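Chain by chain, the residues:
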Amino acid sequence: MDEAFLDLESIEVELDEELLDAIDDKAFADHRDNRDAAIRDLLDEWLKQRAAEDADESD
């Protein structure tokens, strides 16, 4: 295990049924039914979108 992750804080989120279905669909289609990978992928997309929006606002 990469020791760099040992200092990270943990968070807990509550997901609605619609979002869980979307995660499961993405996990099945793109990640061989790996829900964790699908969540990481969706979080990465969201963070990139948010960074782009922040960059647009600062221009």
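Just so it is clear, the structure is predicted and the values come from calculations on it, not from any experiment. (Residues numbered from 1 in each chain as written. Predicted model: local features only at pLDDT ≥ 70, side-chain atom pairs only at ≥ 80, totals over all residues. Heavy atoms only, no water.)

Caption draft 1: Structural view of the pattern of salt bridges. Counting across every chain of the model gives 5 salt bridges. The partner of aspartate 30 in a salt bridge is lysine 26, and the shortest N-O contact between them spans 3.1 Å. A residue pair is termed a helical-turn pair when its members lie 3 or 4 positions apart in one helix, as aspartate 30 and lysine 26 do in helix 1 (residues 17–30) at 4 residues. Exposure remark for aspartate 30: the relative accessible area of 47% places this residue in the partly exposed category. (Salt bridge = Lys/Arg side-chain N within 4 Å of Asp/Glu carboxyl O. Helix = DSSP H or I, 4+ residues; strand = E, 2+ residues; numbered from the N terminus. Buried < 20%, exposed > 50% of the residue type's maximum accessible area, 1.4 Å probe, protein only.)

Caption draft 2: Spotlight on the packing of helix 1 against helix 2 (residues 35–58). Across the interface, helix 1 lies against helix 2 with an axial gap of 8 Å and an inter-helix angle of 110 degrees. Classified by the angle between their axes, helix 1 and helix 2 sit roughly perpendicular to one another. Residue-level contacts link Ile23, Asp24, Lys26 and Ala27 of helix 1 to Arg35, Ala38, Ile39, Asp41, Leu42 and Glu45 of helix 2. The residue makeup of the contact of helix 1 with helix 2, split by class, is 5 nonpolar, no polar and 5 charged. (Axes fitted to C-alpha atoms, helices over the stretch in contact; angles between N-to-C directions. Parallel < 35°, antiparallel > 145°, perpendicular 65-115°, else oblique. Contact = heavy atoms within 4.5 Å. Nonpolar A, V, L, I, M, F, W, Y, C, P; charged D, E, K, R; others polar.)

Caption draft 3: Up close: the UniProt feature "domain: Ribbon-helix-helix protein CopG" (unreviewed entry) in the protein chain. UniProt's entry tags residues 10–49 with the feature "domain: Ribbon-helix-helix protein CopG" (unreviewed entry), counted in the numbering of this structure. The span residues 10–49 carries 72% helix and 0% strand; its end-to-end C-alpha distance comes to 22 Å. (UniProt positions renumbered as here; feature names shortened; annotations may be inferred.)

Caption draft 4: Broad picture of helix 1. Here helix 1 is 14 residues long and its end C-alpha atoms lie 20 Å apart, about the 20 Å a rise of 1.5 Å per residue gives. Where helix 1 is concerned, the buried positions are Ile23, Lys26 and Ala27. Viewed along the axis of helix 1, the buried residues span an arc of 100 degrees, placing them on a single side of the element. In helix 1, the exposed residues that point more than 90 degrees away from the buried face are Glu17, Glu18, Asp25, Phe28 and Ala29. Count one or two residues on from helix 1 and you reach arginine 32, which has phi positive near 50 degrees. (Expected span 1.5 Å × (residues − 1). Arc of directions from axis to C-beta.)

Caption draft 5: Representation of the environment of alanine 38 in the model. Secondary-structure assignment places alanine 38 in helix 2. Separated by 16 residues in sequence, alanine 38 and alanine 22 have C-alpha atoms that sit 9.4 Å apart. Apart from residues lying up to four places away in sequence, alanine 38 is in contact with Ile23, Lys26, Ala27 and His31.

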